[in-house]
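# Geometric and topological summary
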Amino acid sequence: MEITAFWRDIIGLKETELLAEAVRYSEIRRLKKRSTVIRENERLTEIPFLVSGVVKSYCLGADGSERIFCFGYRPGEPVTSIYSLDKEITSICTIEVVNDAELLYIPLKELNRLVQSSVEAARIYEAMLSVSLYITVERDRALVSYTARQRYEWFTEFYPGLEELISKKDIASFLNMSSESLSRVRKIIKN
């Protein structure tokens, strides 16, 4: 995808000067499956956005296993936490490419400058924060309120088509259940 088309059609930038600035400082990189985008506690100097592919965010549990708490597969999603642009940020998780992906990168300082200088960019940033919060709250609600079967059904509805793109092990981790429990739930639903 062309960088201009990404900012205009996917992100929604319309202001001509703002669009030109975003394009000037951006680059698209192609990453292979299992590539690490950023590691937990690593300092962010640039913000990646998903153009295509699938990424997962995880922390390691006490037993060394991945505890997945987020997937990115919708074009335009920030591929990191963007809770603050005006100070030094460290990643709260490790982000890894699940399927080959294209990411658009823009330096953090340039993104911050664009958001600070443009009402349009500030509105888009605010909308991204709102979507991120909504996704987090929905997942938390599912994890604390739903049975294993309900969590799986919620996953398939909330993330349509994602199940075919990721491993069952990753789905189980995301839904806070064992792979065996996920297998049983899927078997019950099929019958």
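Below or above, wherever it landed, is the structure these notes cover.

## A word on helix α1 (residues 3-11)
- Of the residues making up α1, those classed as buried are Ala5, Phe6, Trp7 and Ile11.
- For α1, the secondary structure elements touched by its buried residues are α2 (16-25), β4 (46-60), β7 (94-107) and α4 (119-145).
- The first or second residue beyond α1 is glycine 12, which carries a positive phi of 100°.

## So, the layout of surface pockets
- Empty space within the largest pocket amounts to approximately 740 Å³.
- What lines the largest pocket is a set of 31 residues, among which Cys70, Pro78, Thr80, Ser132 and Thr136 lie closest to the centre.
- For the lining of the largest pocket, the secondary structure elements donating two or more residues are β4, β5 (66-72) and α4.
- Residue contributions to the lining of the largest pocket peak at 9 residues, all from α4.
- Residue composition of the lining of the largest pocket, by class: 19 nonpolar, 7 polar and 5 charged.
- As a volume, the second largest pocket reaches approximately 340 Å³.
- Elements with a contribution of two residues or more to the lining of the second largest pocket: β5, α4 and α6 (168-174).
- At 4 residues, the largest contribution of residues to the lining of the second largest pocket is made by α6.

## Observations regarding the pattern of salt bridges
- Applying the stated criterion across every chain yields a total of 16 salt bridges.
- In this structure, arginine 113 engages glutamate 110 in a salt bridge whose closest nitrogen and oxygen atoms are separated by 2.9 Å. Separated by 3 residues within a single helix, arginine 113 and glutamate 110 lie in helix α3 (residues 108-117), roughly one turn from each other.
- On the basis of relative accessible area, arginine 113 is assigned to the partly exposed category, the value being 34%.
- Linking glutamate 138 and arginine 141 is a salt bridge whose minimum nitrogen-to-oxygen distance equals 2.8 Å. Separated by 3 residues within a single helix, glutamate 138 and arginine 141 lie in helix α4, roughly one turn from each other.

## Let's talk about the state of the cysteines
- Under the criterion given, the structure shown has 0 disulfides.
- This cysteine, cysteine 59, is not joined by any disulfide, and cysteine 93 carries the nearest cysteine sulfur, 5.8 Å off.
- Between cysteine 70, a free cysteine, and cysteine 93, which holds the nearest cysteine sulfur, the sulfur-to-sulfur gap is 7.4 Å.

## Looking at the nonpolar core
- Judged by nonpolar contacts, the single largest core of 36 residues is most densely connected at Trp7, Ile11, Leu13, Val37 and Phe49.
- Elements represented by at least two residues in this core include exactly α1, α2, β1 (27-31), β2 (36-38), β4, β7, α3 and α4.
- Among the elements that make up this core, the one with the highest residue count is β7 (7 residues).
- Phe71, Val98, Ile166 and Met177 belong to the second-largest nonpolar core, a separate cluster that totals 22 residues.

## A closer look at the pairing of β7
- Extensive coverage of β7 is indicated by the burial of 11 of its 14 residues.
- Of the pairings in the sheet, the one linking β2 to β7 comprises 2 bridges and is antiparallel in character. Across the sheet, residue threonine 36 finds its bridge partner in β7, namely glutamate 96.

## Describing the packing of helix α5 (residues 148-158) against helix α7 (residues 179-190)
- At a minimum axis separation of 10 Å, α5 and α7 run at an interaxial angle of 75°. Between α5 and α7, the angle is such that the two are roughly perpendicular. Contact with α5, carried on its side by Ala148, Arg149, Tyr152 and Glu153, involves Leu182, Val185, Arg186, Ile188 and Ile189 of α7 and no other residues of that element.
- In the contact of α5 with α7, the residues fall into 6 nonpolar, no polar and 3 charged.

Rules used throughout
- Residues numbered from 1 in each chain as written.
- Predicted model: local features only at pLDDT ≥ 70, side-chain atom pairs only at ≥ 80, totals over all residues.
- Heavy atoms only, no water.
- Buried < 20%, exposed > 50% of the residue type's maximum accessible area, 1.4 Å probe, protein only.
- Helix = DSSP H or I, 4+ residues; strand = E, 2+ residues; numbered from the N terminus.
- Contact = heavy atoms within 4.5 Å.
- 1 Å grid on protein atoms, 1.4 Å probe; cavity = no way out; pocket = protein on both sides within 12 Å on 5 of 7 lines; lining within 4 Å.
- Points joined across faces, edges and corners; volume = space filled by probe spheres on them.
- Nonpolar A, V, L, I, M, F, W, Y, C, P; charged D, E, K, R; others polar.
- Salt bridge = Lys/Arg side-chain N within 4 Å of Asp/Glu carboxyl O.
- Disulfide = S-S within 2.5 Å.
- Core = buried A, V, L, I, M, F, W, Y, C linked by side-chain atoms within 4.5 Å.
- Pairing = 2+ DSSP bridges.
- Axes fitted to C-alpha atoms, helices over the stretch in contact; angles between N-to-C directions.
- Parallel < 35°, antiparallel > 145°, perpendicular 65-115°, else oblique.

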